[in-house]
2 protein chains.
Amino acid sequence: MIIDVHGHFTTAPSQLDAYRGRQLSALNRPSRGRLLITDDELRTSLIPVIQQLDDRGIASLIFSPRASGMGHEIGSFATSRYWSEHNNDLIYRATQMYPGRLIPAGQLPQSPGVTPASCIDELERIVTQLGFVGVNVNPDVSGGAAPFTPPISDPWWTPLWEKVVELDVPVMLHASSTVNPALHLNGSHYTNSDSAVAFDLGWSDLLERLPELKIVVPHGGGSIPFNFNRIRALHIAAGKRPLEEALRQFYFDTAVYDRDSMEMLIRKIGADNLLFASEPFGTAKPQDPATGKAFDDTVSFVNDVDWLQPAEKEKILSGNARRLYGRAAFGNID
Amino acid sequence: MIIDVHGHFTTAPSQLDAYRGRQLSALNRPSRGRLLITDDELRTSLIPVIQQLDDRGIASLIFSPRASGMGHEIGSFATSRYWSEHNNDLIYRATQMYPGRLIPAGQLPQSPGVTPASCIDELERIVTQLGFVGVNVNPDVSGGAAPFTPPISDPWWTPLWEKVVELDVPVMLHASSTVNPALHLNGSHYTNSDSAVAFDLGWSDLLERLPELKIVVPHGGGSIPFNFNRIRALHIAAGKRPLEEALRQFYFDTAVYDRDSMEMLIRKIGADNLLFASEPFGTAKPQDPATGKAFDDTVSFVNDVDWLQPAEKEKILSGNARRLYGRAAFGNID
């Protein structure tokens, strides 16, 4: 069985972007407004996603709103609140259409300079009322500008982390847009954010203080596996616990698109701390002219690793996700 | 013969930091001030560097001011100008003590929001008067805050790039400090900067417009080799030229500290576009308890690659550097 822990609703009907367009055109007076998408429109927009899951033999997909769309840096808390509520409600409706196959994860009404405690109401709503099993948290709320976001290990975040522990929902630390003109959203910003948060998770005492916090770093952890000994050296020079030990406390997804990188990821992070992800549909949707296959067709990259035991492959492909996402009812397609 | 293209003067006598302390304590009235370091003090501070070059069999080291010390985000152009001049003069004196072994590269008086054309005077001084063979350019002048630095492909940078082409000096795009509290200088900021500039070099038309521009991206290119197919997929989706083709136009240094990562770097980037670097002394100075050797003791990581031809190893270890740094007179120690 295969569970993919990382999918965003990138095929949503255009009414969603139209809502956002109207919302951002009237930033001075935030209102809930209306988002009208029929069930038929919603079902149609999901067809390619379900088709790809079928084609790849993926039983379940953790399905959340489009990451770049979260746009927490824009407007006020009220802006982000209405936008998050609409997105989460839409994810709820979508996942209700495919129970067990699409598993809901949410976004939060984060806003620059506003305490993360302000997100707890929406987190409780989506988890306790709508049955969401995970949540995306943007570690860079302002998109890399002032007011800067404190590192995720800063006490500023603690109220939110305590609540996700209480609700037992894993957090995917996924960046959204950036205001830095030198960064490219998919080419550098996301993976840079992954690298920074993974470094901080190892370097800080956050997971020693809150060992029950379940954190997933997307996209294979950015540069962490490649820069592994660079970071080990820093840990040793600073008298920190070894990086290898810190890495036992959180998870990386496998949203990388080379066999080469997948194998490095498995060597460096280990089967116990990896969650399969191919991100349908994200950056890697195109076909690789070198192989004739889509870049995001990566299940075989795990299955073909001949130095991995079957039990280890099973952990990566679904076992770790079953354990981590305690609230989820996954599908049973083999 | 081995040339290391990446060494900063991290053992400089404390008078250098003391100068900076006084300078930053009087930001409101920039003045040239005085930096007094005797020849004996300077020579003593260089002993460990030369010792390490001897121990590792490294003939020549491209030697530049401490990267984190550049601190371009602080103060005005005048602040950066006086600071750069003192640092460059000190590098000149140090390299004069070991001609052929320490090869001078400089820093520039970059300042947030100030045109890079303002750096041309200092660039011409160090190259034409002091014999510098390369220059470090900070692609993130403000350290990640407003006023943001345009991407290196932006026309904002063109006057500086045209001048380095005219003078025929390679540019190492090396970040300095950051003001973003969520980033760690050595743990995430530098390598994130490497990833962002390497992406932009491939994505933009900069090197098609200025094919003679010689660019070196440090630290193995951040996450580029690991995220290789992610970026290939983006290029394909956008109708850009293939990443592999773009990568033929610039260089990565090999300042990574795993055999694993070195081999991935060589596989992905190729022997023609790599320059050996171990960065004495940088992040990787400590000893690895797993091997009993220093992390930065990496010459063997190249020499031991059994699928590399001797001619390819020679290119990485010195041949490419000899070709690229046309102004340098390298040492002859084998």
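About the thresholds
Residues numbered from 1 in each chain as written. Chains lettered and ligands numbered in written order. Predicted model: local features only at pLDDT ≥ 70, side-chain atom pairs only at ≥ 80, totals over all residues. Heavy atoms only, no water. Least-squares fit on C-alpha atoms with pLDDT ≥ 70 in both. Contact = heavy atoms within 4.5 Å. Pairing = 2+ DSSP bridges. Helix = DSSP H or I, 4+ residues; strand = E, 2+ residues; numbered from the N terminus. Axes fitted to C-alpha atoms, helices over the stretch in contact; angles between N-to-C directions. Core = buried A, V, L, I, M, F, W, Y, C linked by side-chain atoms within 4.5 Å. Buried < 20%, exposed > 50% of the residue type's maximum accessible area, 1.4 Å probe, protein only. Buried area = accessible area lost by both parts, 1.4 Å probe. Salt bridge = Lys/Arg side-chain N within 4 Å of Asp/Glu carboxyl O. Polar contact = N/O pair within 3.5 Å; in protein donor to acceptor, adjacent residues only side chain to side chain. Parallel < 35°, antiparallel > 145°, perpendicular 65-115°, else oblique. Nonpolar A, V, L, I, M, F, W, Y, C, P; charged D, E, K, R; others polar. Expected span 1.5 Å × (residues − 1). Bend = angle between axes of the 7 residues up to and from the residue.

K.L.:
Explain the relation of the copies chain A and chain B here, please?
P.N.:
One copy of the chain maps onto the second through a rotation about an axis and a displacement along it. Between chain A and chain B, the superposition needs a rotation of 180° and an axial shift of 0.0 Å, giving an RMSD of 0.0 Å. Both copies are brought into coincidence by an operation consistent with a two-fold rotation axis. Relative to the rotation axis, the closest C-alpha in chain A is found at A:Ser223, a distance of 2.2 Å. With an isologous cut-off of 70% or more, the 100% of interface residues of chain A that recur at the interface of chain B puts this contact in the isologous class.

K.L.:
Quick question: what am I supposed to make of the sheet that holds strand S4 (residues 134-137) of chain A here?
P.N.:
Picture the strands of a sheet paired through backbone hydrogen bonds; they go either parallel or antiparallel. All names here are of chain A. Here eight strands make up an open sheet; going across it, the order is S1-S2-S3-S4-S5-S6-S7-S8 and the pairing parallel. Strands at the two margins of the open sheet, each flanked by one partner only, are strand S1 (3-8) and strand S8 (274-275). Its contacts with the sheet place helix H6 (residues 185-203) against strand S5 (171-173), strand S6 (215-217) and strand S7 (251-253), and it is angled at close to 140° to S6.

K.L.:
Where do I start with the nonpolar core in this structure?
P.N.:
Soluble, globular proteins show a tendency: their nonpolar side chains are buried together. Of all hydrophobic cores here, the largest spans 157 residues; its most connected members are A:Leu160, A:Trp161, A:Phe252, B:Trp161 and B:Phe252. Residues within four places of B:Trp161 in sequence aside, it is in contact with B:Val137, B:Ile152, B:Val171, B:Leu173, B:Leu206, B:Leu210 and B:Leu213.

K.L.:
Would you mind going over the interface of chain A and chain B with me for this structure?
P.N.:
By convention, interface size is frequently given as the accessible area that disappears when the constituent parts associate. Residue-level contacts link 56 residues of chain A with 56 residues of chain B. When chain A packs against chain B, the two sides together hide about 4500 Å² of surface, and 60% of this comes from carbon and sulfur. For the pair chain A and chain B, the number of links is eight salt bridges. Put simply, B:Asp258 and A:Lys268 hold a salt bridge, and the shortest N to O gap is 2.8 Å. If you look at where chain A meets chain B, you find 19 residue pairs in polar contact (both at pLDDT 80 or more). The set of elements that each furnish at least two residues to the side of chain A that touches chain B consists of H6, helix H8 (228-237) and helix H10 (259-269) of chain A. Residue contributions to the side of chain A that touches chain B peak at ten residues, all from H6(A).

K.L.:
Is there a simple way to explain the environment of B:Pro109 in this structure?
P.N.:
Residues and elements named next belong to chain B. The residue Pro-109 is located in the loop between strand S3 (102-106) and helix H4 (120-129) in this model. Under the relative-accessibility criterion, Pro-109 is labelled buried at 1%. Measuring from C-alpha to C-alpha, the distance between Pro-109 and His-72 comes to 7.3 Å, with 37 residues separating the pair along the chain. When residues no more than four places from it in sequence are discounted, the contact partners of Pro-109 are Phe-77, Ser-80, Arg-81, Ser-84, Cys-119 and Glu-122.

K.L.:
So what exactly am I meant to see when it comes to the pattern of salt bridges here?
P.N.:
Once the charged atoms of two side chains with opposite charge are near each other, the side chains can pair. Using the criterion set out here, one finds 44 salt bridges over all chains in the structure. The shortest N-O distance in the salt bridge between A:Glu85 and A:Arg81 comes to 2.9 Å. One end of the pair, A:Glu85, and the other, A:Arg81, are both in helix H3 (residues 77-97), four residues apart, so they sit about a helical turn from each other. Residues A:Asp260 and B:Lys268 are paired through a salt bridge, measuring 3.1 Å at the closest nitrogen-oxygen approach. With one member in each of two chains, A:Asp260 in helix H10 and B:Lys268 in helix H10 (residues 259-269) form a pair that bridges those chains.

K.L.:
Would you take a moment to explain the packing of helix H2 (residues 39-56) of chain B against helix H3 (residues 77-97) of chain B for this structure?
P.N.:
How two helices sit against one another is set out by the angle between their axes and by the gap between those axes. Residues and elements named next belong to chain B. Running from N to C, H2 and H3 point in directions that differ by 70°, and their axes come no closer than 10 Å. The pairing of H2 with H3 is recorded here as roughly perpendicular in orientation. For the pair formed by H2 and H3, the contact residues are Asp-39, Leu-42, Arg-43 and Leu-46 on the first element and Leu-90, Arg-93, Ala-94 and Met-97 on the second. Across the contact of H2 with H3, the residue classes break down as five nonpolar, no polar and three charged.

K.L.:
Honestly, the pairing of S1(A) in this entry has me stumped. Any pointers?
P.N.:
Residue and element names in this part refer to chain A. S1 sits mainly inside the fold: six of its six residues count as buried. Judged from the four bridges that link them, S1 and strand S2 (residues 60-64) form a sheet pairing that is parallel. Bridging across to S2, Gly-7 finds its partner in Phe-63.

K.L.:
Teacher, can you tell me more about the side chain of B:Asp253 here?
P.N.:
All names here are of chain B. Inspection of the secondary structure assignment puts Asp-253 in strand S7 (residues 251-253). Looking at Asp-253, its side chain comes within polar contact range of the main-chain nitrogen of His-219, at 2.8 Å. Other than its neighbours up to four places away in sequence, Asp-253 contacts Val-5, His-6, Met-172, Val-216, Val-217, Pro-218, His-219, Gly-220, Leu-265, Leu-275 and Ala-277.

K.L.:
Explanation requested: helix H2 (residues 39-56) of chain A in the structure shown.
P.N.:
Helical geometry note: an α-helix holds 3.6 residues per turn, so side chains three or four residues apart project in the same direction. Residue and element names in this part refer to chain A. In a regular helix each residue adds 1.5 Å, so 18 residues correspond to 26 Å; H2 covers 26 Å between its end C-alpha atoms and thus fits that length. Along its length, H2 reaches its greatest deviation from straightness, about 35°, at Ile-47, and the proline Pro-48 lies no more than four positions downstream. Taken residue by residue, H2 has Leu-42, Ser-45, Leu-46, Val-49, Ile-50, Gln-52, Leu-53 and Arg-56 as its buried positions. Against the buried residues of H2 lie S2, H3, strand S3 (102-106) and helix H11 (299-303). Gly-57 lies just past H2 and shows a positive phi near 70°.

K.L.:
Quick question: what am I supposed to make of unusual backbone geometry here?
P.N.:
A negative phi angle is the norm for most residues apart from glycine, just as the trans form is the norm for most peptide bonds. The omega angle of the peptide bond from A:Ala146 to A:Pro147 is -5°, so this bond is cis rather than trans. At A:Asp168, a position not held by glycine, the phi torsion is positive, near 60°. A:Asp168 sits in the partly exposed class, given a relative accessible area of 30%. For B:Glu279, which is not glycine, the phi dihedral falls at a positive 60°. When its relative accessible area of 7% is taken as the criterion, B:Glu279 is described as buried.

K.L.:
Honestly, the sheet that holds S7(B) in this entry has me stumped. Any pointers?
P.N.:
Residues and elements named next belong to chain B. The strand order across the open sheet built from eight strands is S1-S2-S3-S4-S5-S6-S7-S8, with neighbouring strands paired in parallel fashion. The open sheet terminates on both sides in strands that have one partner only, identified here as strand S1 (3-8) and strand S8 (274-275). Packing against the sheet, helix H6 (residues 185-203) makes contact with strand S5 (171-173), strand S6 (215-217) and S7, and its axis sits at approximately 140° to S6.

This is a description of form; function is not addressed.
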